[in-house]
Amino acid sequence: MSAQVKRIDMCNGPIFANIIKYTVPIICTSVLQLLFNAADLVVVGRYCGSNSVAAVGATNSLIHLFVNLFIGLGAGVSVAVAYAVGERDDSKISRVVHTVIPLAMICGAIITTIGLTLSKPLLHLMGTPDEILPLSSLYTKIYFCGMIPSLIYEFSAAVCRASGDTKTPLKFLSLSGIINVILNVFFVTVIDLDVAGVAIATVTSQIVSCVLMVVFLCRRNDCFKLQIRKIRVYRQELLRIVKIGLPTGIQSSVFSASNVIIQSSVNSFGAAAIAGNAAAASIEGFIFVAMQSFHQSSLNYTGQNFGAKNSKRILKAFWTNIVCVTVMSLVIISVVYTFKTNLLSLYITDSPASIDFGIKRMSYICLFYSMCGIYEVLNGIVRGMGHSLVTMFISISGVCGVRLVWIFTVFKAHHTLDTLYVSYPISWGACILALIVSAIIIFKKVSKMFNDSCEKTI
């Protein structure tokens, strides 16, 4: 039976209404994903103690260091599909769809190999305390075993979102996430597997979401249909994906590398600080995914209208996304910060000191997340116009560079968590200024290119 899909037309119709319809399912998907990830910390925190929370939390920056390099290729997939949709080139869309599956398998195999061989020595180099190092290493190794199905789902979901379908990834993630939570509780409370249990539950849920997404694409009856016999790496489509996605992946990995150093700095304050930092970061993640949804909107709206050579609609979509992300971030931040102690208590039940550390982090980072939202939308429009290298250089220098310089100078001289955390809003501000200038210059060039193309056609 074929799958019928209702897609949002990004090149026509009301922009505000379509952006809301487009982003709400992405927000719900991301929030659900975070809830399921948070379930890992909540379950081990309630049944295994703060050391287990610290063990899982200490792995986040290391996992993202490797995963983000390849997850960044998802942005390349989105832009490649969006351009083809805007150009109304069905054959090009089909070639992208059939390229992403083998690409995901290759990338997943590379990450799994690296993770299994290097996770423990890298965790040790990060200064992970001896009392949690064995648990952190075990969790990381099991987690990396699920990279192939995880990337197949991520790349396939990127195809769906770029086509205007944001509801399907939400449905599949909801089901796999419920399975994740059930298995979390079963493996930890019944079988007593501690952090290994939540890792196994995560990998299992990733396999479920992968299978659902592949079956869905196989059942489609349009140019997005996946046919097993056509699966191969198509050179031109791969180059387009890599052109946009590789700089994005490098940016994300370097960004994660700076977070590894930040995590190492947090580790120097002990297990209580690690647990509080992990819990606060998990809560802040709910704000970030709302911001990230407007990055997806900005990226794909820009990509499709770039393919359709409609610069006016690119500009209108940009301003709509900026207004939406600012208003939404302020509302969410107000609610989260008001109930910060209650939220942290969901993760940590046996360490008031850890809760205090979590509040400290939120006071410096959570309150300034509107800046992160504006930064994400600016990133989306510049990438959507095909200039992923620009965002890479700005992010590496503006986010990573500023934070690392800060850590090795100001933080080194004043070794407090307050000094460490203030580097976040400072780095966001530097990037926003650079991206505004870049977006203006690039948009003017794109508008001129489109106008010249129209004149030649006439």
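These numbers were taken from a predicted model, which means no experiment stands behind them. (Residues numbered from 1 in each chain as written. Predicted model: local features only at pLDDT ≥ 70, side-chain atom pairs only at ≥ 80, totals over all residues. Heavy atoms only, no water.)

Overview of the overall build of the protein chain
Here's step 1: Looking only at helices and strands, one finds 18 helices and zero strands in the protein chain.
Here's step 2: Rg of the C-alpha trace for the protein chain: 22 Å, near the compact-globule value of 23 Å for 458 residues, within the 12% margin.
Here's step 3: The principal-axis extents of the C-alpha atoms in the protein chain amount to approximately 70 × 50 × 35 Å.
Here's step 4: In the protein chain, which comprises 458 residues, the proportion classed as buried is 57%.
Here's step 5: The centroid of the 35 positive side-chain charges in the protein chain is displaced by 11 Å from the centroid of its 20 negative side-chain charges. (Helix = DSSP H or I, 4+ residues; strand = E, 2+ residues; numbered from the N terminus. Rg over C-alpha atoms; globule rule 2.2 N^0.38 Å. Buried < 20%, exposed > 50% of the residue type's maximum accessible area, 1.4 Å probe, protein only. Lys, Arg positive; Asp, Glu negative; His and termini not counted. Charge placed at Lys NZ, Arg CZ, Asp CG, Glu CD.)

Looking at the side chain of Thr391
Here's step 1: Here Thr391 shows up in helix H16 (residues 388-413).
Here's step 2: Once residues lying within four places of it in the same chain are set aside, the contact partners of Thr391 are Gln251, Asn379, Val382, Arg383 and Leu435. (Contact = heavy atoms within 4.5 Å.)

Some thoughts on the pattern of salt bridges
Two side chains bearing opposite charge may form a pair once their charged atoms approach each other closely.
Here's step 1: Under the counting rule described, the total for this entry stands at five salt bridges.
Here's step 2: In this structure, the salt-bridge partner of Glu237 is Arg95, at a minimum N-O distance of 3.2 Å. Taken together, the residues span a long stretch of sequence, with Glu237 in helix H10 (residues 235-267) and Arg95 in helix H5 (residues 90-125) at a distance of 142 residues.
Here's step 3: The salt bridge involving Asp222 is made with Arg220; its shortest N-O contact spans 2.8 Å.
Here's step 4: Judged by its relative accessible area of 29%, Asp222 is partly exposed.
Here's step 5: Arg220 gets classed as buried once you look at its relative accessible area, which sits at 1%. (Salt bridge = Lys/Arg side-chain N within 4 Å of Asp/Glu carboxyl O.)

A closer look at helix H6 (residues 133-144)
Here's step 1: Between its first and last C-alpha atoms H6 spans 17 Å; for 12 residues at 1.5 Å apiece the expected length is 16 Å, and the two agree.
Here's step 2: Among all positions of H6, only Leu133, Ser136, Ser137, Tyr139, Thr140, Ile142, Tyr143 and Phe144 are buried. (Expected span 1.5 Å × (residues − 1).)

Some points on the side chain of Arg403
Here's step 1: If you trace the backbone, Arg403 turns up in helix H16.
Here's step 2: No salt bridge is formed by the buried Arg403; its nearest oppositely charged neighbour, Glu376, is found at 8.9 Å.
Here's step 3: A distance of 2.9 Å separates polar atoms of two side chains, one belonging to Arg403 and the other to Ser427.
Here's step 4: Not counting the four nearest positions on each side in its chain, Arg403 is found in contact with Phe255, Asn259, Ile262, Ser423, Tyr424, Ser427 and Trp428. (Polar contact = N/O pair within 3.5 Å; in protein donor to acceptor, adjacent residues only side chain to side chain.)

Some remarks on the packing of H5 against H10
Here's step 1: Relative to each other, H5 and H10 sit at 70°, their axes nearing to 9 Å. Taken as axis vectors, H5 and H10 run roughly perpendicular relative to one another. Residues Lys92, Arg95, Val96, Thr99, Val100 and Leu103 of H5 pack against Glu237, Leu238, Arg240 and Ile241 of H10.
Here's step 2: Here the contact of H5 with H10 is composed, by residue class, of five nonpolar, one polar and four charged. (Axes fitted to C-alpha atoms, helices over the stretch in contact; angles between N-to-C directions. Parallel < 35°, antiparallel > 145°, perpendicular 65-115°, else oblique. Nonpolar A, V, L, I, M, F, W, Y, C, P; charged D, E, K, R; others polar.)

What about the environment of Ser256?
Here's step 1: Here Ser256 lies in helix H10.
Here's step 2: Along the primary structure Ser256 and Leu69 are separated by 187 residues, whereas in three dimensions their C-alpha atoms are 9.2 Å apart.

A few points about the packing of aromatic side chains
Here's step 1: If you walk through the whole model with that rule in mind, you get 10 aromatic pairs.
Here's step 2: Between Tyr369 and Trp428, the ring centres sit 5.2 Å apart and the planes meet at 55°, which makes this aromatic pair tilted. Placement of the pair is Tyr369 in helix H15 (residues 369-384) and Trp428 in helix H18 (residues 423-457), with a sequence separation of 59 residues.
Here's step 3: Judged by its relative accessible area of 3%, Trp428 is buried.
Here's step 4: Connected via pairs of aromatic rings, a cluster forms that spans Tyr139, Tyr143 and Phe144. (Phe/Tyr/Trp six-rings, centres within 6.5 Å; stacked < 30°, edge-to-face > 60°.)

Considering the confidence of the model for the protein chain
Here's step 1: Per-residue confidence for the protein chain gives a mean pLDDT of 84, with 96% of residues at or over 70.
Here's step 2: When pLDDT is averaged over each element of the protein chain, helix H9 (residues 195-219) comes out on top at 91 and helix H3 (residues 60-71) at the bottom at 73. (pLDDT = per-residue confidence, 0-100.)

A look at the state of the cysteines
Here's step 1: Applying the stated rule across the entire model yields zero disulfides.
Here's step 2: Cysteine Cys145 remains unbridged, with the sulfur of Cys210 as its closest cysteine sulfur at 15 Å. (Disulfide = S-S within 2.5 Å.)

A word on the packing of helix H12 (residues 311-338) against H15
Here's step 1: Contact geometry for H12 and H15: axes closest at 9 Å, N-to-C directions at 160°. Looking at the two axes, H12 sits roughly antiparallel to H15. Crossing of H12 over H15 shows right-handed handedness. For the pair formed by H12 and H15, the contact residues are Ile314, Phe318, Asn321, Ile322, Val325, Thr326, Ser329, Leu330 and Ile333 on the first element and Tyr369, Ser370, Gly373, Ile374, Val377, Leu378 and Ile381 on the second. (Left-handed = near helix turned anticlockwise from the far one by under 90°.)

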